[in-house]
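# Report on the structure
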Protein chains: 6
Amino acid sequence: MLGAPFDWGASYRPGARFGPRAIREADYLPPDGRRPHLSTGIDPLFELPVVDAGDIPVVGGHIEPSLELIESWVHTVAAAGAIPIVLGGDHTITYPDATGVARHHGFGNVALIHFDAHADTAPHQWGHLYGHGTPMRRLIESGAVPGHRFVQIGLRGYWPPPEVVAWMEEQRMRTFFMDEINERGLDPVVDEAVDHALTGGAEAVFLSLDIDVVDPGMAPGTGTPEPGGILAREFLPTVRRLARELNVVGADIVEVAPHYDQPMNITAALANRVVLEMTTGMVERRRLTEEMSALDVGDVDPARPVDAG
Amino acid sequence: MLGAPFDWGASYRPGARFGPRAIREADYLPPDGRRPHLSTGIDPLFELPVVDAGDIPVVGGHIEPSLELIESWVHTVAAAGAIPIVLGGDHTITYPDATGVARHHGFGNVALIHFDAHADTAPHQWGHLYGHGTPMRRLIESGAVPGHRFVQIGLRGYWPPPEVVAWMEEQRMRTFFMDEINERGLDPVVDEAVDHALTGGAEAVFLSLDIDVVDPGMAPGTGTPEPGGILAREFLPTVRRLARELNVVGADIVEVAPHYDQPMNITAALANRVVLEMTTGMVERRRLTEEMSALDVGDVDPARPVDAG
Amino acid sequence: MLGAPFDWGASYRPGARFGPRAIREADYLPPDGRRPHLSTGIDPLFELPVVDAGDIPVVGGHIEPSLELIESWVHTVAAAGAIPIVLGGDHTITYPDATGVARHHGFGNVALIHFDAHADTAPHQWGHLYGHGTPMRRLIESGAVPGHRFVQIGLRGYWPPPEVVAWMEEQRMRTFFMDEINERGLDPVVDEAVDHALTGGAEAVFLSLDIDVVDPGMAPGTGTPEPGGILAREFLPTVRRLARELNVVGADIVEVAPHYDQPMNITAALANRVVLEMTTGMVERRRLTEEMSALDVGDVDPARPVDAG
Amino acid sequence: MLGAPFDWGASYRPGARFGPRAIREADYLPPDGRRPHLSTGIDPLFELPVVDAGDIPVVGGHIEPSLELIESWVHTVAAAGAIPIVLGGDHTITYPDATGVARHHGFGNVALIHFDAHADTAPHQWGHLYGHGTPMRRLIESGAVPGHRFVQIGLRGYWPPPEVVAWMEEQRMRTFFMDEINERGLDPVVDEAVDHALTGGAEAVFLSLDIDVVDPGMAPGTGTPEPGGILAREFLPTVRRLARELNVVGADIVEVAPHYDQPMNITAALANRVVLEMTTGMVERRRLTEEMSALDVGDVDPARPVDAG
Amino acid sequence: MLGAPFDWGASYRPGARFGPRAIREADYLPPDGRRPHLSTGIDPLFELPVVDAGDIPVVGGHIEPSLELIESWVHTVAAAGAIPIVLGGDHTITYPDATGVARHHGFGNVALIHFDAHADTAPHQWGHLYGHGTPMRRLIESGAVPGHRFVQIGLRGYWPPPEVVAWMEEQRMRTFFMDEINERGLDPVVDEAVDHALTGGAEAVFLSLDIDVVDPGMAPGTGTPEPGGILAREFLPTVRRLARELNVVGADIVEVAPHYDQPMNITAALANRVVLEMTTGMVERRRLTEEMSALDVGDVDPARPVDAG
Amino acid sequence: MLGAPFDWGASYRPGARFGPRAIREADYLPPDGRRPHLSTGIDPLFELPVVDAGDIPVVGGHIEPSLELIESWVHTVAAAGAIPIVLGGDHTITYPDATGVARHHGFGNVALIHFDAHADTAPHQWGHLYGHGTPMRRLIESGAVPGHRFVQIGLRGYWPPPEVVAWMEEQRMRTFFMDEINERGLDPVVDEAVDHALTGGAEAVFLSLDIDVVDPGMAPGTGTPEPGGILAREFLPTVRRLARELNVVGADIVEVAPHYDQPMNITAALANRVVLEMTTGMVERRRLTEEMSALDVGDVDPARPVDAG
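Here's what I pulled together on the structure shown here. As the structure is a prediction and not an experimental result, all values here were calculated from the model.

### Some details on the packing of helix H9 (residues 232-245) of chain A against helix H10 (residues 266-294) of chain A
In a pair of packed helices, the angle between the axes and the distance between the axes together describe the arrangement. All names here are of chain A. One way to put it is that H9 packs onto H10 with a least axis distance of 6 Å and a crossing angle of 30°. The orientation of H9 with respect to H10, classified from their angle, is roughly parallel. With respect to the hand of their crossing, H9 and H10 are arranged in right-handed fashion. Residues Ala232, Phe235, Leu236, Pro237, Val239, Arg240, Ala243, Arg244 and Glu245 of H9 pack against Leu270, Arg273, Val274, Glu277, Met278, Thr280, Gly281, Met282, Glu284, Arg285 and Leu288 of H10. Residue composition of the contact of H9 with H10, by class: 11 nonpolar, two polar and seven charged.

In structure tokens:
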């Protein structure tokens, strides 16, 4: 677990630099680290060797050197065999986050499941390459994550323009708008997302979770709130499910801007629980794998890193 | 588009006078006016000749002269062949808004679809005729909108008293309580609302959208929040649908009181998107009409003003 | 109706001491006390002899003498034949609330239906017996409410640990986690809860309603918010239903901490409506009973106190 | 003591309608009413027969009928021999407040000492006579309080325009701008104000205290904050001094708008203490008078109402 | 430095339990610990061996066991030859804070300089001995700090009642009301306070600093704000001066309740700076002492603990 | 008048990007632009040809291209013979602001009077040249404003470190700490500042006004609040005085971060009034100049640009 107190890629309301601290502190439970998941009994911070490596020393106000540092730290974590979970920070950081992971697992080998109100696929932001509106574009262009390995869930609103949507289709990104989720329900959409992510050989997945995929009523503390999102009670079990069903090799949870979350502090609390659901799902996956191993079905080991072969 | 910074009809928490400014500013997108609707690709502020005519110069603290001014401005817009969309302001303004539209399209010719937690059909407010609890009564009494042309959606709570509910039934208003929506779902209710609005010849519709129809969790910035409302993700596509399926000749979006929306600013954002969904739906309607026209079925042109005949 | 301005049992964010005042004041309707329920026409504060007995004079900062006072006041109300509805205050007070009621109706005779994000069944809090994490344990241990008469709805999150969950199962408490509600829906769960509550002869029920069962987006003003809860629009009709279908002989609505609810004031408003839904349901029940009586089926009078026999 | 929950005369940020409630509740001391003034030992609410007569039933959204009611209530109190202290509400109410008092004591007989950032002497507000920018003009025009009996303290900012300032000088109003207070200090200015108020025979005084005379840093909860005001620690002893040195026959404390005072609630607390300082000063005056009486100097009794002769 | 996250002695607005965390975090400077005082050049956290020992594990909701723990921890620190600086927490903790220090330095040997709006000398709080209104009484009664060794600065408002003020005089406490500070200025009052503290042989001093001595405009984040206090710019240099001129052997800074300080966070920032001013003053004192020592005047070493002889 | 919505030079709490909008909107007076200064009668926005040129199109998240744009715009305004007043934005912008002005008036010819809690003379910020902690250093290094032409007023707190203070002295900057202001009063300090600014031939002055020079109680809406500042009532007349006594050829008012100013909005209001006081002072200066001219003393015309000769 790493914090990325970076928000100078934010186009509108800043403050996500305080996200990492807010997410860590937004918990009424004792500081003993015990967080037993109620319905599974799993205590993820004990059952997984979760380590909080503190905040990456980003360079205030300077995007590019900060992104380099983030990529380097994330890669170091991944290369050590650990799963980096980055607490943002604005969404710009997914470019270095997923790149750092892909450098270890192989460019093109990692799928990216992206929950967000926004596609984040703009060609540029105020004429510059990096910002919280462009990371997915950069990842596709660099080849770190090819377009056909992208699944986007929860998009809505009035951005980006049709030419960008057309580009996204050209890249064979799979996008699920809220309109589709409203009609079909979230679970069938996620079924399809899982299928898509696993298509064509990618066994590893990066989860990029923008808290603004949740409706602003339940996640007000964010920079660019877009009304009409999913509910917290849909998001939490979905994150756990994905961590259970897929080989998650990296993740970020971004765009928590705590100043817009006061005095309630419910957005940081939600992000805190997103991390716990994800790690609980990882334990569930490990247990399932162990059970399968015990049945001698080792060659479909879902926890094996994609680049291990 | 007109602002009506009027809130001296509010019985409880004031501040809707700052609604028009808040709704206009509550947008993280660039000030270039491009607002392409993600799932349809429609850019409503470009495809429709939307004009923001600024705020109506209402008379602070004086209800009656303010209502006269609002009616006059709205009528002027309607008479010019445009569709007035009034940003409130408290709900008192629906009396002059819908009257101004009805003066152009003919008293009795326009149906009114009213989303709200409250019926707003009180006989008086503190002994006076005008206030945010009475506009629907006044419209029925004046004949601008007859009772049987009213559809109300989302009502709940502990007001008005049974004698007023009985009066509403006598007027043949069609009301959908949240209890019914909870049981049947919103879509079937809206199907019925559309049918009702079109019954008996009214081809034109005024949409009066009180933001408090949405649950206070998702629309806290309002004067008289009533828990238990619909979700933002239900409201937005419903507004678009109505603008697509019906000949909307006027609308207002009211009761955004930004002081109760801080620091999140999510209620004004929701109202901003309501306007965009509505205008997007209008473009969809126009396109459908043009397609129908191209098929030479012009005599059922749904965009034709009702009084054009 | 009694206020219990007590929050020194809160383990995290305090402030529920201001809950009773906030709940009473959170209403935009006139102070005439008329609160006609819209879809039933019932005006509960007029049709029931509802009396607000003010606040219990709890002892600031001292848990045990405060709990004794609360139990004594609640018992006095119950013994007078009235139904105590206690406005909290933190959840510690359910121990004296339900004990005071059980003293009148007989230890073991009253079922307890408990809506909450948390089980509140810890063996102790910081080494002490009383606190908002322990009341249900204390009630079971004292025999006031046996474990098999408990139904808990809405639990979620990362607490309590498995050994406590195991103890709860040993006590034959019936618990419905949010995971189950997400899969099955709330109504079927409540059907089962009603069945469970009535099993084995308990005709009387105490409702303990922790506002944090509702998602923090819709009930932010609380001490220990846990994301992923039910919606306000589910909670309100459910409370009414329970009061209609069951013989409610006491209730509390707890954990409204108004400081986290500003400036929106929507949590206190929700709690206010919870009280009105409950009392409306009680009137519905009385009417049904009277109808049944009129049909000469008096010996199944559901409103009869359980200890009246 | 009377509340006037009236704010439809406010030209900018509304909410002073909640001022009376906020001022009454803004006190951390026990509800036993004991408020012993620390440095004098006087317990004003016990030593004076202070009665809280509740709120005047003003007519929401309607200025003129509300002002009539306020004047009538205030006059009734004054005519009963009591000293009306009106908790506002916006400053419009000083017109009926001071008129009601002057009707009892004689038009022209009562001086008015007015603490405020604003002169409130506009000829009209949006073309209408009544509003929070005009009450002092109306009082002068009606003759209730002649211009030469006015003292204004604390004025600053960019309003009203020079033609109004010229009119004020013509009326022989005595105004002390903040510039003068900054140079000379508040105490010498108040000395002069006292002299002016007593000039020419007026033995009775009405104190009109706009909380915005205090700097917005210490009184943020107000509608039209003007930076650069006096300090709370200057205002409180000055109010007490005036009540001790002058025969105060009526007062109002206005423009507390609690929504802008959250979560601190310090403006309402300040207004609460203003009332206590004033009543403490009245007790001091009575004691001084009694001492003087004991010395048989009764014919300079400063507490004698002006119209008693 | 110790945190005491204790607020169950608060009679009104709770939340000071979050004071220690807020005070530590309320700083925009880098986490390197360098805090060079601008006008003296002293970097107190480097020049003194300041250690943050974390928070005392107080017992939530239980006053007496918490006070025992606090006293024990403070005494341990003092006995180790260090100067305990306790970050509160509500003012109840001054009883164990000063007792813990006095146990080391000798009961009766330590003077207490107390900045506060309130005397905190009540005989009891709701019938119980401990609470934030009683610590000074308890210290005098136990003999830890005799009444004649008390200096209180900044008292104001309407509490405590005259019989308590009379008791305070009997104990020969020296109290400076705001009225006196307003007339004479703060510096002469502090001169006298220093003299008084040193009278009769007490060479050591405990500073008890209630943030509410500062005006609520500049310190809104507190539980019982009393308008009319001193300015931050007076308080900060005064604290430094006292630490320079007196042998401070312990201190606490209390009643920072961060929830009332949002979003500004200026009260916690002020308390943070109070600690820095105090430690800067201690360095100034040490330097002066060393200079004096260098001049061979060692036997008036002002830094020598009083019980060292 | 120009807005610079730039805050990516802020080291701590961001949000000053919304400063320009907040300052423009923070006014309760009518939008007619009339702002007659109460004690002088001057209506500065009418008497001076004040033009609001809107916001400079800074590049979000990119410091250097933004600074280039700002310098270019400011220089353009100055070169046109106008006086640029830049609404920040964080303090980084003073580097381009003063440079743009100096490019027109001649490097080294313009003095800079700097009100601030912070010296802003760091050699770098996180290893980079530009940020809100470095602008004064950059100006001195480039020669735009030599050190001996700097006057700094209001500095306090715990930054920068002594080596930077030493560098400042080497540059012959004149700095007035709050300690000195507390002792001497602000007026004598400003007398000396005026003398210093005029020393050695600089007839023109740039005023750089950081709102955090004012105490956080009166200016909470800022990024790096430092307790213990001057009062609003001192700041406003001082700004007017400087504009009257000196030939101000450019100014900026920076570090208004409106998110920390809610709901009070008093910091933006203060900044708004700072602009009005400054322009009022400029009119006063022009009038004095004209009077002097009328007396035929034209060759000491203080309004003549320094580079005009």
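### Quick word on the interface of chain C and chain A
The extent of an interface is frequently quoted as the accessible surface area lost upon association of the parts. With 36 residues of chain C at the interface, the matching set in chain A holds 29 residues. Roughly 2,500 Å² of surface becomes buried between chain C and chain A when both sides are summed, with 61% attributable to carbon and sulfur atoms. Sorting the residues of chain C by area buried against chain A places Tyr12, Tyr158 and Pro227 of chain C first, and these three jointly supply 29% of that buried surface. For the interface between chain C and chain A, the tally reads four salt bridges. Joining chain C to chain A, the criterion identifies 11 residue pairs in polar contact (both at pLDDT 80 or more). When contributions to the side of chain C that touches chain A are tallied by element, the ones reaching two or more residues are helix H6 (162-170) and helix H7 (178-184) of chain C. The element contributing the most residues to the side of chain C that touches chain A is H7 of chain C, with four residues. In terms of residue class, the side of chain C that touches chain A is made up of 20 nonpolar, nine polar and seven charged.

### Describing the pattern of salt bridges
Applying the stated criterion across every chain, the model contains 156 salt bridges over all chains. Close ionic contact of Arg21 of chain F with Glu25 of chain B constitutes a salt bridge, the shortest N to O distance being 3.8 Å. Of the two residues, Arg21 of chain F sits in helix H1 (residues 19-25) while Glu25 of chain B sits in helix H1 (residues 19-25), which places them in two different chains. Note on Arg21 of chain F: relative accessible area 34%, which makes it partly exposed. According to the relative accessible area criterion, Glu25 of chain B is partly exposed, its value standing at 23%. Connected through shared salt-bridge partners, Asp27, Asp32, Arg35 and Arg273 of chain A together with Glu226 of chain C make up one network.

### Quick notes on the packing of aromatic side chains
Following the criterion strictly, the structure yields 30 aromatic pairs over all chains and no others. Residues Tyr28 of chain A and Tyr12 of chain C carry aromatic rings whose centres are separated by 6.3 Å and whose planes lie at 55° to one another, so their mutual orientation is tilted. With one member in each of two chains, Tyr28 of chain A in the loop between helix H1 (19-25) and helix H2 (44-47) and Tyr12 of chain C in the loop between strand E1 (2-4) and helix H1 (19-25) form a pair that bridges those chains. According to the relative accessible area criterion, Tyr12 of chain C is buried, its value standing at 14%. What links up through ring pairs into an aromatic cluster is the set Tyr12 of chain A, Tyr28 of chain B together with Phe18 of chain F. Above the plane of the ring of Trp167 of chain A lies Arg137 of chain A, whose end atom (NZ or CZ) is 3.8 Å from the centre. The lysine or arginine in question, Arg13 of chain D, covers the ring of Tyr260 of chain D, its NZ or CZ lying 3.7 Å from the ring centre.

### Notes on the relation of the copies chain C and chain A
Superposition of the two copies of the chain requires a rotation about an axis together with a shift along that axis. Superposing chain C onto chain A takes a rotation of 120° combined with a translation of 0.0 Å along the rotation axis, leaving an RMSD of 0.0 Å. Viewed as a symmetry operation, the transformation between the two copies matches a three-fold axis. In terms of proximity to the rotation axis, the leading residue of chain C is Gly217 of chain C, whose C-alpha is 3.1 Å off the axis. A share of only 11% of the interface residues of chain C reappears at the interface of chain A, consistent with the copies meeting through non-equivalent patches.

### Points about the sheet that holds strand E1 (residues 2-4) of chain D
All names here are of chain D. On the basis of which strands lie adjacent, the open sheet formed by seven strands has the order E1-E2-E7-E6-E3-E4-E5 and parallel pairing. Bordering the open sheet on either side are E1 and strand E5 (174-177), each of which pairs with just one other strand. Adjacent strand axes in the sheet meet at a mean angle of 15°, parallel and antiparallel pairs treated alike. By the bridge criterion, three bridges tie E1 to strand E2 (residues 85-88) in an arrangement that is parallel. Bridging across to E2, Leu2 finds its partner in Val86. Contacting strand E3 (110-115), strand E4 (150-155), E5 and strand E6 (204-210), helix H8 (residues 186-198) crosses the sheet at an angle of about 165° to E4.

### As for the relation of the copies chain A and chain B
Least-squares fitting of chain A to chain B yields an RMSD of 0.0 Å, with the transformation described by 0.0 Å of translation along the axis and a rotation of 120°. Here only 11% of the interface residues in chain A have copies in chain B that are interface residues too; the copies meet through unlike faces.

### Some remarks on the interface of chain A and chain B
Taken together, the contacts link 36 residues of chain A with 29 residues of chain B. Between chain A and chain B, the buried area comes to about 2,500 Å², and carbon and sulfur atoms account for 62% of it. Ranking the residues of chain A by area buried against chain B places Tyr12, Tyr158 and Pro227 of chain A at the top, with a combined share of 29%. Run the count over chain A and chain B and you get four salt bridges. For Arg240 of chain B, the salt bridge identified is with Asp179 of chain A, shortest N-O distance 2.9 Å. Viewed at the interface, chain B and chain A are joined by 12 residue pairs in polar contact (both at pLDDT 80 or more). Here the side of chain A that touches chain B takes four residues from helix H7 (residues 178-184) of chain A, the largest share from any one element.

### Some words on the pairing of strand E3 (residues 110-115) of chain C
Residue and element names in this part refer to chain C. With six of six residues buried, E3 lies mostly within the body of the structure. Burial along E3 is two-sided: Val110, Leu112 and His114 facing one way and Ala111, Ile113 and Phe115 facing the other are all buried. Relative to strand E6 (residues 204-210), E3 runs parallel, the two being bridged by six bridges. Within E6, the residue paired with Ile113 across the bridge is Leu207. With four bridges joining them, E3 and strand E4 (residues 150-155) adopt parallel strand pairing. Considered in E4, the bridge of Ile113 is made with Val151. Of the crossover connections in this fold, the one passing from E3 over helix H5 (residues 135-142) to the parallel E4 is right-handed.

### Overview of the environment of Gln125 of chain C
Locating Gln125 of chain C in the fold gives a position in the loop between E3 and H5. Sequence spacing of Gln125 of chain C and Ser11 of chain C is 114 residues, and the spatial spacing of their C-alpha atoms is 8.2 Å.

### Observations regarding helix H9 (residues 232-245) of chain E
Taking 1.5 Å of rise per residue, the 14 residues of H9 of chain E would be expected to cover 20 Å, and the 20 Å separating its terminal C-alpha atoms lies within 8% of that figure. Here H9 of chain E lies mainly inside the structure; 10 of its 14 residues are buried.

Here is what the cut-offs are and how they apply
- Residues numbered from 1 in each chain as written.
- Chains lettered and ligands numbered in written order.
- Predicted model: local features only at pLDDT ≥ 70, side-chain atom pairs only at ≥ 80, totals over all residues.
- Heavy atoms only, no water.
- Axes fitted to C-alpha atoms, helices over the stretch in contact; angles between N-to-C directions.
- Helix = DSSP H or I, 4+ residues; strand = E, 2+ residues; numbered from the N terminus.
- Parallel < 35°, antiparallel > 145°, perpendicular 65-115°, else oblique.
- Left-handed = near helix turned anticlockwise from the far one by under 90°.
- Contact = heavy atoms within 4.5 Å.
- Nonpolar A, V, L, I, M, F, W, Y, C, P; charged D, E, K, R; others polar.
- Buried area = accessible area lost by both parts, 1.4 Å probe.
- Salt bridge = Lys/Arg side-chain N within 4 Å of Asp/Glu carboxyl O.
- Polar contact = N/O pair within 3.5 Å; in protein donor to acceptor, adjacent residues only side chain to side chain.
- Buried < 20%, exposed > 50% of the residue type's maximum accessible area, 1.4 Å probe, protein only.
- Phe/Tyr/Trp six-rings, centres within 6.5 Å; stacked < 30°, edge-to-face > 60°.
- Lys NZ or Arg CZ within 6 Å of the ring centre and 35° of its normal.
- Least-squares fit on C-alpha atoms with pLDDT ≥ 70 in both.
- Pairing = 2+ DSSP bridges.
- Right-handed = clockwise from strand over helix to strand, strands pointing away.
- Expected span 1.5 Å × (residues − 1).

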